[in-house]
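Given next are the chains, with one letter for each unit.
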Number of protein chains: 2
Amino acid sequence: MEDTLNAYLAEHRERFLDELFEYLRIPSISSEAAHRPDMERCAAWLCGALRRAGAERAEIFQTEGNPIVYGERIVSPEAPTVLVYGHYDVMPVDPIDEWRTEPFQPVIRDGRIWGRGADDDKGQGFMHVKAFEAMVATGTLRCNVKFMFEGEEEIGSGALTVWCGEHREMLAADIILVSDTSLLGWETPSITCGLRGLAFVEVEAQGPNRDLHSGLYGGAAVNPVNALCKLIGSLTDDATGRIEIPGFYDGVREFSAAERAEINAAPFDEAAFAAAIGLDGLRGGERGYTAMERKGIRPTLDVCGIWGGYTGEGAKTIIPATAHAKVSMRLVAGQDFERITELFIAQVEKLAPQYGITVRCRALHGGYPYVAPTDSAAYRAAARAMEETFGRRPLPFYSGGSIPIISTFERVLGIKSILMGFGLDTDAIHSPNENFPLANFYRGIETLPLFYDYFADSRK
Amino acid sequence: MEDTLNAYLAEHRERFLDELFEYLRIPSISSEAAHRPDMERCAAWLCGALRRAGAERAEIFQTEGNPIVYGERIVSPEAPTVLVYGHYDVMPVDPIDEWRTEPFQPVIRDGRIWGRGADDDKGQGFMHVKAFEAMVATGTLRCNVKFMFEGEEEIGSGALTVWCGEHREMLAADIILVSDTSLLGWETPSITCGLRGLAFVEVEAQGPNRDLHSGLYGGAAVNPVNALCKLIGSLTDDATGRIEIPGFYDGVREFSAAERAEINAAPFDEAAFAAAIGLDGLRGGERGYTAMERKGIRPTLDVCGIWGGYTGEGAKTIIPATAHAKVSMRLVAGQDFERITELFIAQVEKLAPQYGITVRCRALHGGYPYVAPTDSAAYRAAARAMEETFGRRPLPFYSGGSIPIISTFERVLGIKSILMGFGLDTDAIHSPNENFPLANFYRGIETLPLFYDYFADSRK
């Protein structure tokens, strides 16, 4: 089987790339209302791609938000069913000036595909479509396959959550397969076993009803930027690196010494990781944990954006009327994002000045953390497939990122997920100059059919 | 003497107004290059007005910027010399739609002169020319008088600063007399005795070399927005409202209980002041001082602008590469803006995280504070003059704003200034529908000769 399949893949590599480029050229930025027509266009394109790849059923489900693309091919009622999940929406592109090439005009340079979505998640999601095509074309598909691609992963997966609840039967499957994560490295394949949850809150501090002259009013009116800085500053402790929100750590799963040893067994080159982002070391987060642990199994509080007052050139001497901050908290096993959001808001309200400033919090989105078992049939199939293509056994990896929908799948559909991602940390996802190595794209397409094969075997 | 003078003023009131209207019709907007010919025209008009009023010498000095108009009349080498300062340039007129009448077509309505410059500073400056004319015409002038009118006050007084340094001898005087400020109210005459200085610094916190995914990096990389918030938050103390920069208060002039009582004697309606800016009270600044004191005689630290990371709609989960803040410190008597800038930068550098963040400070501009002594002959003469025309003794007023040229005069020429302004807070200077009550214009012309008289007496 492998020879036929590999021959097919070799023959069609260039076309696969051309098709991916078509997909990448659609600026499907879900967070910007102006791109709503692009979301429709992108969903239609993807639906057509599924059909051409061999889906017997491929359709677009309209939702309150962006459309969901669904496809399936049922080979046998006895065969195990794999539900593939991906997302066709991408992140915004600002700061646009920092891109070396146009974000929606993908190019190949230095063995990499450059463009918004090259990795996250168009490039990775499309590997599944092409692996599926190859298995169908070569008659080697031994599992039932279902696809669901959403257009709101970067803005909270609101529509998909509702839609899953409404289509439990259609989506019935043995495992959900997802490529939306990274390898520890090309030489260190890994399968993501943990994802952090997220609580994202916007804070507004309203002071006077208009910008004031800082001379005539300075000292009289409370400054909302000063107040917001003090408030945000109080949410973390410099000495310990801990988050100073009462109850924040309640229930956080503490990993055993053995588990921590395994996490730290990954050949994580801290100096290289730091250097790649222009730093001389990794010093964020809590004391008493390694960087690997801090970004994998410990919660965080990061301001993702702040603004208020005059931000142009030179000096303008005002007391701003308002200040805003967007705060993201990454959560770990044992933390409920709704509870954490409440605790955050309560603490912000408690710390806010009692006079002269009105603080308002708005929860923008949230998601539960997720932990996958490493002793399941699906995990073993994924591990064997990767071992075969990479030549070494993958490590379990606890990622610091969040894919809130993964824990939603577990809660709504009752199905676990296997996070077999083929990205690299250097792919600059969510940043300017996002890219995806060609080698990873093709390696993914080669590895996925092996997973299906081993997973089908596990049913024998 | 007063009778002769008052008769003269009564006889010529209409003409004074006609002349002011000619002056107001010249659109001398210094910040707009298109108005450069109007600056020349305005200077020439004013020079002629000084000559006609009785100046024995009246000439235009060309500079690198707009011309300076100089005039003088020397009555006796023994007489005290008054140097009058004013400015013939005005602010731009946008938003032009909000003007009820044409800004450069002055009209009288409801007892007020409406038009750009009606108060700031053509109307107030021209009172001096007409008071001078009246004293010359009636033979009552007992002081030497020098006039300097600049055309760049609204854009930083660059040319005047240089010019003063080059003409120290010509400008020698006992006092500088300025009408470019407001009264606390018609019923509450006042003389401005304090102006705050300014130190304006931009702070940049640089973290990683690009925006990072807050999941994949959160806990590993230090967040520059979090760091900047903590840093800015640490610069003030919540409990005391004091600025926490070592040495910041060194040398700050503490006012005596008597002086403070006088400051607080002003009929300041705190509730109305707060309500006008949408607040239910004034709670900024230091504990232990009234709002009137906090905005007049105490220094402040206000963030005028802050920005970093994602500031668009919705959620974007990043650790920003950089964060910036623009900080304005209003300074009071005893504070040197260069020294304060150094102390600020030193403290910011001390508080900055030791790893993962690079903090850079850039001083954008600064100015010295100014305090006029209330026990000088000139102040006493001004106070007596106002008491005579207003029927009540003026209060010393410490303004929170800055007029940088006043402290420049003291440093460059070694001469103190008396800020005897006749404007009102309702005059809408710098805004649409600038106006100046006719009563204030005429009251100013009546009051100024009394000042000269009492000031001449002080030499006896």
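Numbering of residues starts from 1 in every chain and runs along the sequence as written. Chain A is the first chain written and ligand 1 is the first ligand written, with later ones labelled in order. In view of the model being predicted, local features appear only for residues whose pLDDT reaches at least 70, and side-chain atom pairs are presented and counted only at 80 or more, with totals across whole chains, interfaces and linings using the full set of residues. Working from all heavy atoms in the structure, the side-chain values ignore hydrogens and water.

**Some thoughts on the packing of aromatic side chains**
Put simply, the rule reads: Only the six-membered ring of Trp is used, alongside the rings of Phe and Tyr, when aromatic pairs are assigned; centres must lie within 6.5 Å, and planes under 30 degrees apart are stacked while those over 60 apart are edge-to-face, with the rest tilted. Exposure classes here rest on a 1.4 Å probe applied to the protein chains alone. A residue is buried below 20% of its type maximum, exposed above 50%, and partly exposed in between. Charge-over-ring contacts are defined here by two conditions on Lys NZ or Arg CZ: a distance within 6 Å of the ring centre and an angle within 35 degrees of the ring normal.
All chains considered together, the criterion is met by 38 aromatic pairs over all chains. Geometrically, the ring pair formed by Phe451(A) and Tyr452(A) is edge-to-face, given 5.9 Å between the ring centres and 80° between the ring planes. Each of the two residues, Phe451(A) as well as Tyr452(A), counts as buried. Over the aromatic face of Tyr442(A) sits the side chain of Arg13(A), whose NZ or CZ is 3.7 Å from the ring centroid. In this structure, Lys122(B) packs its charged tip against the face of Tyr23(B), placed 5.3 Å from the ring centre.

**A closer look at the pattern of salt bridges**
Residue and element names in this part refer to chain A. The line we're drawing: Whenever Lys or Arg places a side-chain nitrogen within 4 Å of a carboxyl oxygen from Asp or Glu, that contact is recorded as a salt bridge. Helix and strand assignments follow DSSP, with helices taken as H or I runs no shorter than four residues and strands as E runs no shorter than two, numbered in order from the N terminus.
Counted according to the given criterion, the structure contains 47 salt bridges over all chains. With its nearest N and O atoms 2.6 Å apart, the salt bridge here joins Glu133 to Arg15. With Glu133 in helix α3 (residues 122-137) and Arg15 in helix α1 (residues 2-24), this residue pair connects regions lying 118 residues apart in the sequence. By relative accessible area, which is 6% here, Glu133 ends up buried. Residue Arg15 is classed as partly exposed on the basis of its relative accessible area of 31%. Arg112 is the partner of Asp427 in a salt bridge, and the nearest nitrogen-oxygen pair spans 3.8 Å. Taken together, the residues Asp427 in the loop between β17 (417-419) and β18 (435-437) and Arg112 in strand β5 (residues 112-114) connect sequence positions 315 residues apart. Salt bridges sharing partners connect three or more residues here, namely Arg15, Glu19, Lys130 and Glu133.

**Focus: the sheet that holds strand β14 (residues 358-367) of chain A**
Basically, it comes down to this: A pair of strands is treated as paired once DSSP finds two or more bridges between them. Every angle, taken between N-to-C directions, lies between 0 and 180 degrees, and every axis is a line fitted to C-alpha atoms, over only the stretch in contact when it is a helix.
Reading across the sheet, the eight strands line up as β14(A)-β9(A)-β13(A)-β11(A)-β11(B)-β13(B)-β9(B)-β14(B) and stay open at both edges, with antiparallel pairing between neighbours. Either end of the sheet is taken by a strand with one partner, and the two such strands are β14 of chain A together with β14 (358-367) of chain B. Averaged over all neighbouring strand pairs, the angle between strand axes comes to 20°, with direction disregarded. In this structure, strand β9 (residues 197-206) of chain B lies alongside β14(B), joined through nine bridges in antiparallel fashion.

**Section: the packing of helix α10 (residues 377-390) of chain B against helix α12 (residues 438-457) of chain B**
Residue and element names in this part refer to chain B. Note the cut-off: By definition in this entry, angles of less than 35 degrees are roughly parallel, angles greater than 145 are roughly antiparallel, angles of 65 to 115 are roughly perpendicular, and the rest are oblique. Helix crossings get a hand from a simple test, with the near helix turned counterclockwise from the far one by less than a right angle marking a left-handed crossing and a clockwise turn marking a right-handed one. In this description, contact between two residues means that some pair of their heavy atoms is separated by no more than 4.5 Å. The classification used treats Ala, Val, Leu, Ile, Met, Phe, Trp, Tyr, Cys and Pro as nonpolar, Asp, Glu, Lys and Arg as charged, and all other residues, Gly among them, as polar.
With their axes 8 Å apart at the nearest point, α10 and α12 run at an angle of 140° to one another. Considered as vectors, α10 and α12 are oriented oblique to each other. Note on packing geometry: the crossing formed by α10 with α12 is right-handed. Contacts between α10 and α12 pair Ala377, Ala378, Ala381, Ala382, Arg384, Ala385, Met386, Glu388, Thr389 and Phe390 from the former with Arg443, Glu446, Thr447, Leu450, Phe451, Tyr454 and Phe455 from the latter. A per-class count over the contact of α10 with α12 returns eleven nonpolar, two polar and four charged.

**What to know about the interface of chain B and chain A**
As a reminder of what qualifies: Once two parts are put together, the accessible area they lose, assessed with a 1.4 Å probe and summed over both, is termed the buried area. In protein, a polar contact means a hydrogen-donor-capable atom and an acceptor-capable atom, both N or O and within 3.5 Å, with residues adjacent in sequence counting only if both atoms are side-chain atoms; elsewhere, any N or O pair within 3.5 Å suffices.
On the chain A side, the residues contacting the 72 residues of chain B number 82 residues. When chain B packs against chain A, close to 6400 Å² is buried across both sides, 57% of that on carbon and sulfur atoms. For chain B, the biggest contributors to the area lost against chain A are Lys230(B), Ile277(B) and Lys316(B); these three give 10% of the whole. On inspection of chain B and its partner chain A, the count reaches one salt bridge. Close ionic contact of Lys316(B) with Asp94(A) constitutes a salt bridge, the shortest N to O distance being 3.5 Å. The interface formed by chain B and chain A holds 41 residue pairs in polar contact (both at pLDDT 80 or more) in total. For the side of chain B that touches chain A, the secondary structure elements donating two or more residues are β9, β10 (212-213), α5 (224-233), α7 (270-276), β11 (300-309), β12 (318-319), β13 (322-331) and β14 of chain B. Here the side of chain B that touches chain A takes ten residues from β11(B), the largest share from any one element. Class assignment for the residues of the side of chain B that touches chain A results in 29 nonpolar, 28 polar and 15 charged.

**Let's talk about unusual backbone geometry**
Between Asp94(A) and the following residue, Pro95(A), the backbone shows a cis peptide bond with an omega angle of 0°. Located in the positive-phi region is Ser157(A), a residue other than glycine, with phi close to 55°. With respect to the helices, strands and loops of the structure, Ser157(A) is situated in the loop between β6 (144-150) and α4 (158-166). Its identity is not glycine, yet Asp110(B) carries a phi of approximately 50°, on the positive side. Looking at the element boundaries, Asp110(B) is found in the loop between β4 (107-109) and β5 (112-114).

**Thoughts on helix α11 (residues 404-413) of chain B**
An α-helix turns once every 3.6 residues. As a result, residues three or four positions apart point the same way. All names here are of chain B. Where burial is concerned, most of α11 is hidden: seven out of the ten residues are buried. Listed in full, the buried residues belonging to α11 are Ile405, Ile406, Ser407, Thr408, Phe409, Val412 and Leu413. One or two residues past the end of α11 sits Gly414, with phi positive at roughly 70°.

**So, the side chain of Glu152(B)**
Examined against the element boundaries, Glu152(B) turns out to sit in the loop between β6 (144-150) and α4 (158-166). Those residues in contact with Glu152(B), other than ones at most four positions away along the chain, are Gly65(B), Asn66(B), Asp89(B), Ser157(B), Gly158(B) and Ala159(B).

**Focus: the sheet that holds β4(B)**
All names here are of chain B. Taken in spatial order, the three strands make up an open sheet running β4-β5-β18, and their pairing is antiparallel. Strands with a single pairing partner mark the edges of an open sheet, and in this sheet they are β4 and β18 (435-437). In this sheet, adjacent strand axes meet at a mean angle of 30° when their direction is disregarded. Sheet topology note: the β4/β5 ladder contains three bridges and is antiparallel. Bridging from a neighbouring strand, Arg109 pairs with Arg112 of β5.

**Structural notes on the confidence of the model for chain A**
Heads up, the rule is: Residue-level confidence of the predictor is summarised by pLDDT, bounded by 0 at the bottom and 100 at the top.
Of all residues in chain A, 100% attain a pLDDT of 70 or more, and the chain-wide mean is 94. Taken together, the chains of this predicted complex give a pTM of 0.80 and an interface ipTM of 0.84.

**A few points about helix α3 (residues 122-137) of chain B**
For clarity, the threshold we go by: Under the convention used throughout, the expected extent of a helix is 1.5 Å for every residue step, that is, one less than its residue count.
Here α3(B) spans 22 Å end to end across 16 residues, near enough to the 22 Å set by a 1.5 Å rise per residue. Most of α3(B) sits inside the fold, with 14 of its 16 residues counted as buried.

**A look at the side chain of Asn66(B)**
Residue and element names in this part refer to chain B. Here Asn66 lies in the loop between β1 (57-61) and β2 (68-73). Looking at Asn66, its side chain comes within polar contact range of the main-chain oxygen of Gly151, at 2.9 Å. If sequence neighbours within four positions are ignored, Asn66 has contacts with Ser30, Arg36, Met39, Tyr88, Gly151, Glu152 and Ala159.

**Here's the deal with the pairing of strand β3 (residues 81-87) of chain A**
All names here are of chain A. When you tally the buried positions in β3, you get seven out of seven residues, the bulk of the element. As judged from the seven bridges shared by β3 and β6, these two strands associate in the parallel manner. Paired with Gly86 across the strands is Phe149, a residue of β6. Taken together, the four bridges between β3 and strand β7 (residues 175-178) define a ladder with parallel strand orientation. The partner of Tyr85 across the bridge, within β7, is Val178.

**Comments concerning the pairing of strand β16 (residues 395-398) of chain B**
Residue and element names in this part refer to chain B. The alternating pattern of β16 places Leu395 and Phe397 on one face and Pro396 and Tyr398 on the opposite face, and all of these are buried. Note that strand β8 (residues 190-195) and β16 share four bridges and pair parallel. Within β16, the position partnered with Ser190 by the bridge is Leu395.

**Remarks on the environment of Ala134(A)**
Residues and elements named next belong to chain A. Relative to the assigned elements, Ala134 resides in helix α3. When its relative accessible area of 0% is taken as the criterion, Ala134 is described as buried. C-alpha of Ala134 to C-alpha of Ala205: the two residues are 71 residues apart in sequence and 55 Å apart in space.

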